[in-house]
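# Chain and residue survey
The chain contents come next:
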Amino acid sequence: MGTLSGLFAPERVAVVGATDREGSVGRAILENLGAFDGDVVAVNPNREEVLGYRCYPDVASVDGSVDLAVVVVPPSVAIPVVREAAEAGVENVVVVTAGFSETGADGASREGELKAVAAEYDLNLVGPNCLGVMNTTVDMNATFGPEMALPGSVSFMSQSGAFITAVLDWAADQGIGFKDVVSLGNKAVLDETDFVREWGDDPDTDVVLGYLESVKDGQEFLEAARETTQETPVAVVKSGRTDAGAKAASSHTGAIAGSEAAYEAGLEQAGVLRADSVQELFDSARALSGLPLPESDDVAVVTNAGGPGVMATDAIGDSTLSLASFGDDTLDTFRDVLPEEANIYNPVDVIGDAGVERFTTAVDAALSDPNVSSAVVVSAPTAVLDFEELAEAVVDVQAEHGKPVVASLMGGSRTGPAVEKLRAAGIPNYFDPARAVDSLDALARQRRITEREYVEPTTFDVDREAAREILMDAKERDDNRLGVEAMGLLDAYGIETPAGEVVDEPADAVAVAEGIDGPVVMKIVSPDILHKSDIGGVKVGVANEDVFDAYEDLVARATNYQPDATILGVQVQAMVDLDEGTETIVGVNRDPQFGPLVLFGLGGIFVEVLEDTTLRVAPVSEPEAREMIDEVKAAPLLRGARGRTPADVEGVIETIQRLSQLVTDFPAILELDINPLVAGPDGVRAVDVRLTVDTDQL
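Parameters at a glance
Residue positions are counted from 1 within each chain, in the order its sequence is given. The predicted nature of this model means local features are confined to residues of pLDDT at least 70 and side-chain atom pairs, given and counted, to a pLDDT of 80 or more, with totals for whole chains, interfaces and linings taken over all residues. Here the side-chain values reflect all heavy atoms present in the structure, with hydrogen atoms and water set aside. Each helix corresponds to a stretch of at least 4 residues labelled H or I by DSSP, and each strand to a stretch of at least 2 residues labelled E; elements are numbered beginning at the N terminus. Residue burial is assigned from relative accessible area. The probe radius is 1.4 Å, only protein chains are included, and a residue is buried under 20% of its type maximum, exposed over 50%, and partly exposed in between. In this description, contact between two residues means that some pair of their heavy atoms is separated by no more than 4.5 Å. All accessible-area figures derive from a Shrake-Rupley calculation using a 1.4 Å probe, and residue coverage is judged against the displayed protein chains alone. Here, patches come from residues exposed beyond 30% relative accessible area and free of salt bridges, joined within 9 Å for like charges and within 5 Å for nonpolar side chains (Val, Leu, Ile, Met, Phe, Trp, Tyr). We define a salt bridge as a side-chain nitrogen of Lys or Arg found within 4 Å of a carboxyl oxygen belonging to Asp or Glu. For the purpose of charge, His is not counted, nor are the chain termini; Lys and Arg are scored as positive and Asp and Glu as negative. By convention, the point assigned to a charge is CZ for Arg, NZ for Lys, CD for Glu and CG for Asp. Side-chain atoms within 4.5 Å link the members of a nonpolar core, which is a set of buried Ala, Val, Leu, Ile, Met, Phe, Trp, Tyr and Cys residues. Every residue carries a pLDDT, the predictor's confidence in it, which falls somewhere between 0 and 100. Note: two strands are recorded as paired if DSSP finds a minimum of 2 bridges between them. Note on geometry: axes are lines fitted to C-alpha atoms, helical ones only across the stretch in contact, with angles between N-to-C directions running from 0 to 180 degrees. With the strands aimed away from the viewer, a crossover counts as right-handed if its path from the first strand over the helix to the second runs clockwise. Any angle between 65 and 115 degrees counts as roughly perpendicular, while under 35 counts as roughly parallel, over 145 as roughly antiparallel, and the rest as oblique. Amino acids outside the nonpolar list (Ala, Val, Leu, Ile, Met, Phe, Trp, Tyr, Cys, Pro) and the charged list (Asp, Glu, Lys, Arg) are all regarded as polar, and Gly is one of them. The directions from the helix axis to the C-beta atoms are what the arc is built from.

### Some points on the overall build of the protein chain
Secondary structure assignment for the protein chain yields 24 helices and 30 strands. If you line up the protein chain on its principal axes, its C-alpha atoms span 95 × 80 × 40 Å. Taking all 698 residues of the protein chain together, the buried fraction comes to 55%. Counting contacts in the protein chain only where the partners sit at least 6 residues apart, residues at least 24 apart contribute 71% of the total. Accessible surface computed for the protein chain: about 28400 Å², of which carbon and sulfur atoms make up 46%.

### Quick word on a negative patch on the surface
Residues Asp461, Asp463, Glu465, Glu469, Asp473 and Glu476 make up a contiguous surface patch of negative charge. Following the sequence through the fold, Asp473 ends up in the loop between helix H17 (464-472) and strand S20 (481-482).

### Points about the nonpolar core
Core analysis: the biggest nonpolar cluster contains 81 residues, and Phe178, Leu209 and Phe334 have the highest contact counts within it. Grouped together as the second largest cluster of nonpolar side chains are 53 residues, Val70, Val182, Phe195 and Val208 included.

### Section: the pattern of salt bridges
Per the counting criterion, the structure on display carries 34 salt bridges. Lys539 serves as the salt-bridge partner of Asp553, at 2.9 Å between the closest nitrogen and oxygen. Within this pair, whereas Asp553 is found in helix H20 (residues 547-561), its partner Lys539 is found in strand S23 (residues 538-542), the two being separated by 14 residues in sequence. Look at Asp553 and you get partly exposed, because its relative accessible area is 28%.

### Let's talk about the confidence of the model for the protein chain
On average, the protein chain scores 92 in pLDDT, and the residues at 70 or more come to 96%. The low-confidence segment residues 241-258, where pLDDT is below 50, has 45 contacts with residues more than four positions distant or belonging to other chains.

### As for the sheet that holds strand S21 (residues 500-503)
The four strands lie next to each other as S21-S24-S22-S23, forming an open sheet whose pairing is antiparallel. Sheet topology places S21 and S23 at the edges, where each strand pairs with a single neighbour. Across the sheet, the axes of successive neighbouring strands diverge by a mean angle of 20 degrees, strand direction being ignored. As paired elements, strand S22 (residues 520-525) and S23 share three bridges and run antiparallel to each other. Across the sheet, the residue bridging to Lys523 is Val538, located in S23. With respect to the sheet, helix H19 (residues 506-514) is in contact with S21, S22 and strand S24 (569-574), its orientation differing from that of S21 by roughly 175 degrees. Sitting on the sheet, H20 is in contact with S21, S22, S23 and S24, with an inclination near 30 degrees to S22.

### A short note on the sheet that holds strand S5 (residues 68-71)
In spatial order, the strands read S3-S4-S2-S1-S5-S6-S7; together these seven strands make up an open sheet with mixed pairing. Edge positions in the sheet fall to strand S3 (49-50) and strand S7 (124-126), since each of these pairs with one other strand and no more. Pairing analysis gives four bridges linking S5 to strand S6 (residues 92-95), with the strands arranged parallel. Its bridge partner being in S6, Leu68 is matched across the sheet by Asn92. Sheet strands touched by helix H3 (residues 75-87): strand S1 (12-16), S5, S6 and S7. Its angle to S5, the strand with the most contacts, is close to 170 degrees.

### Considerations on the pairing of S5
Where burial is concerned, the two faces of S5 agree: the one with Leu68 and Val70 and the one with Ala69 and Val71 are both buried. Note: S1 against S5, four bridges, orientation parallel. Within S5, the position partnered with Val15 by the bridge is Val70. Regarding topology, H3 serves as the crossover connection from S5 to the parallel S6, and that connection is right-handed.

### Describing the packing of H3 against helix H4 (residues 105-121)
Between H3 and H4, the least distance of the axes is 10 Å, while the angle of their chain directions is 0 degrees. One way to sum up the angle between H3 and H4 is to call them roughly parallel. Seen from H3, the contacting residues are Pro75, Ile79, Val82, Arg83, Ala86 and Glu87; seen from H4, they are Arg110, Glu113, Leu114, Val117, Glu120 and Tyr121. Considered class by class, the residues forming the contact of H3 with H4 number seven nonpolar, no polar and five charged.

### Remarks on H17
Within H17, burial applies to Ala467, Ile470 and Leu471. For H17, the arc enclosing every buried residue in end-on projection is 100 degrees, short of the 170-degree limit, so these residues lie on one face. For H17, the secondary structure elements touched by its buried residues are S20, helix H18 (487-492), strand S28 (669-680) and strand S30 (689-693).

Next comes the structure, spelled out in structure tokens:
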């Protein structure tokens, strides 16, 4: 066990607030601890005995040491009780009591005091406002739930106590067992990151599962999960939204990279398998806890029913898996052992009159093929097939080949004995063939996670002081937004921009244009006008002799559109060849849990309509930046599709990394868009930028 061994496997547990009052939480916890392998002591200053347990007035009065204190007293006295326990040498505390931050300002203040006590005494504190904790290896049920979990190798955390009681009831019917179970409650001290680390170091935990409504510290969780998932699968159901997801964003990136997108990106980077439902979560857990990982994504389907076989095949098409192509030797074997009417190609249909021997021979032949890394056995009930015998045969064949096999024995009560035999061997069974395929998909995704090699982000040589000076300009304004007048910020971080300048007089615009070879682009510069092209605030291909008039026209348009807008001037900029280039977007939005999110995708004026984008939590490494480009649908445009000249993809990859470094270096940057970042054959150039700055952090 790791650092929380005293929490999950204590030798002595004290229930503070123990009582025999019917319907009370204190009584329920004391009764649930009746089977505990260690010692249980009751603490209640008003009683001498409760349910046969001698009562102590406080934890300090208990004979000998206490490893875990479960606190079930009113919130008004909970903090003094926790302090008394800490002073008595208790290191692990579960505060079941509610009435803290979930109740409003007064409760939040009380929770702050609780955290201070925990920090003072370095307590491992679960809760408050939680169901409690369980550990099946020592038969400890320190919760007020109605029943104990079945023993197993899955450790489970939940931000909802009610969810735990429902899951344990359902899991008992499904034969799913657990090692540790913890109700996170308000996460005042210990949170999901602590338990991911704990269970990642625990050799008796095969799979970590979680129901999460939020992540307390996204960056810490990402780091812990990334380390854990290299050896131990982590799968979660994530529900809920952060406040940031509901706020209006002032950039394209902010509009796209909402809270849900942040979690999707963060969990994927951490190697966490995200389930869309409770059923999917535990379907995955069954496979992950009992089967080896496949060597590839190639699956064989063996069935006695055409329809369910097609269902399995469709599910494979919807997953990250692929149908295996059998070798000639395997096809010859199928021709020899299967009837002429059978289908010898994947999915293999042994047809409805198949008995156990024919079915087993086909499964054995499929698993013998080196092109097959896993298999789904799909069977409808027939009068000539004994499910229990088939299950025994599948167990033997799977053990012989050592490849993952899942079953879909479709039926009701007659499948019971067969399912038990499969379960005992670690082979899960699902009524729906699609669920069986999804569980194999979880195994394949976990294999890819274990194969990942984390590369440290590149640190570029940049001019941080120049960047800081530009950001400081926001302090001089009433508005905390910067636009193209901050293009020097990109130059300071090595992101190339076209030649140009922001001016506030038409004569100065002419002077800048004359220093640029060829026609220029002119744009109105105002923090109050976000979509310049919508108001005619952009002119392209302006000749030198037209620059003066163009300046005055742009200012007039902006003033007419929004009379109260602050007009900083006009940007005069060298033209970028859009015919040879592809307009992309690189942006950042700062999430309250995960920090800066870097976005890449197809850019231009339709970015929010097309939403062909992908996200990563910063800092972004070179392989992650490369993956971002590969994930967008527009990637072929960059690589030369339909006769186009390939763009400088390596330049785009470097730009993503440099922007990632910029926003990591400056937490004051809340949102930033480079749109468009034009990627052409001769390099990449940031044509436009806008950002929002938290001036209090400068």
